[in-house]
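Remarks on the overall topology
What follows is the residue order along each chain.
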Amino acid sequence: MSARGPAAVEALARPLKQAITGKVVAVFNDRARGEAPVVRRADGLFGPRAVAWRVNGDVTSMMVGGVAGLMMQMLHPAVLGGVWDHSKFRTDMAGRLRRTARFIALTTYGDRGEAEAVIARVRRIHGQVRGVLPDGTSYAADDPALLAWVHVTETMCFLDAWVRYAEPGMSGVDQDRYFAEMAVVASALGADPVPRTRGEARDLVRAMRPGLRHDERTRAVMGILRNQPTTSFISGSFQALTMQAAVDLLPGWARRLHGLDHPVIARPLVRAGTFGVAQTLRWAFR
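Residues numbered from 1 in each chain as written. Predicted model: local features only at pLDDT ≥ 70, side-chain atom pairs only at ≥ 80, totals over all residues. Heavy atoms only, no water.

**Thoughts on unusual backbone geometry**
Along the chain, Asp 192 connects to Pro 193 via a cis peptide bond; the corresponding omega equals 5°. Tracing the sequence through the fold places Pro 193 in the loop between α8 (172–189) and α9 (198–208). (Helix = DSSP H or I, 4+ residues; strand = E, 2+ residues; numbered from the N terminus.)

This is the structure:
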């Protein structure tokens, strides 16, 4: 190959990369609200050497982990109650997922002022979310225990997706560091208790499992989540694969509680397909 070979290949690939990255940027940034991709700043809550910097920037593992985390969160009746009574999820599930992704991006990569501002905004919103469950139990979104459940489920799922699709050999030390780093955000939001190691996270999930349940509301939200409208065959296929990978990422007890079938024979295909998508997106953003 001539000396100009790599440059020529890159020139040919550039339009494809731009098309892929443009689609992804549009998914995660609401242009109608003037949102643009978050610029990575070294003066934020973590910095470039943080484990969170390498985990939270991977598009595929964050999407798979985010959906799996949402599937776990909705098993808590009080968490689901807040979504059911105060959210526009029925007509804007994509918007809810986008806002969660942007919160993660701002608190991970934004400067300290941006991170603190978005945390304060979320705390104000949580302070207004209150209600009563069908069984008469009161709930409040700023309940430290509910915030702890939301935090531990999404943090575990983000990390599990990263390990599966990006860094299978990730050390236990770095996994614990990730929990310790993400605990900074959880504590600032008012969560308690906040796990700072993988072992503490497993203990917290185990302690909260007796209070989880699956009912008509859970089924309804799951149905909306798994049947989001798509604009093309490609986006529909990617969405279906993401959902399957999210179900595959769930712990067995959570799949059983949801009543989700996940044939063992399909598992290698789901994982291979998701890994292929992950590699393609990393190539496009490289």
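There is more to say, and it comes next.
**Focus on the pattern of salt bridges**
Counted according to the given criterion, the structure contains 17 salt bridges. Note that Glu 35 and Arg 102 form a salt bridge whose closest N and O atoms lie 3.9 Å from each other. Of this pair, Glu 35 sits in the loop between α1 (5–28) and α2 (51–55) while Arg 102 sits in helix α5 (residues 89–109); the two residues are 67 residues apart in sequence, bridging distant segments of the chain. Note on accessibility: Glu 35 and Arg 102 belong to one class, buried. One continuous salt-bridge network, built from bridges that share partners, spans Arg 54, Glu 167, Asp 174, Arg 177 and Glu 181. (Salt bridge = Lys/Arg side-chain N within 4 Å of Asp/Glu carboxyl O. Buried < 20%, exposed > 50% of the residue type's maximum accessible area, 1.4 Å probe, protein only.)

**Some thoughts on the packing of aromatic side chains**
Applying the stated criterion to the full structure yields two aromatic pairs. Note on Trp 53 and Tyr 109: the rings are 5.3 Å apart at their centroids and 65° apart in plane angle, and the pair reads as edge-to-face. Within this pair, whereas Trp 53 is found in helix α2, its partner Tyr 109 is found in helix α5, the two being separated by 56 residues in sequence. Here Trp 53 matches Tyr 109 in class, with each residue buried. Of note, Arg 40 hangs over the ring of Tyr 109, and the distance from its end group to the ring centre comes to 4.1 Å. (Phe/Tyr/Trp six-rings, centres within 6.5 Å; stacked < 30°, edge-to-face > 60°. Lys NZ or Arg CZ within 6 Å of the ring centre and 35° of its normal.)

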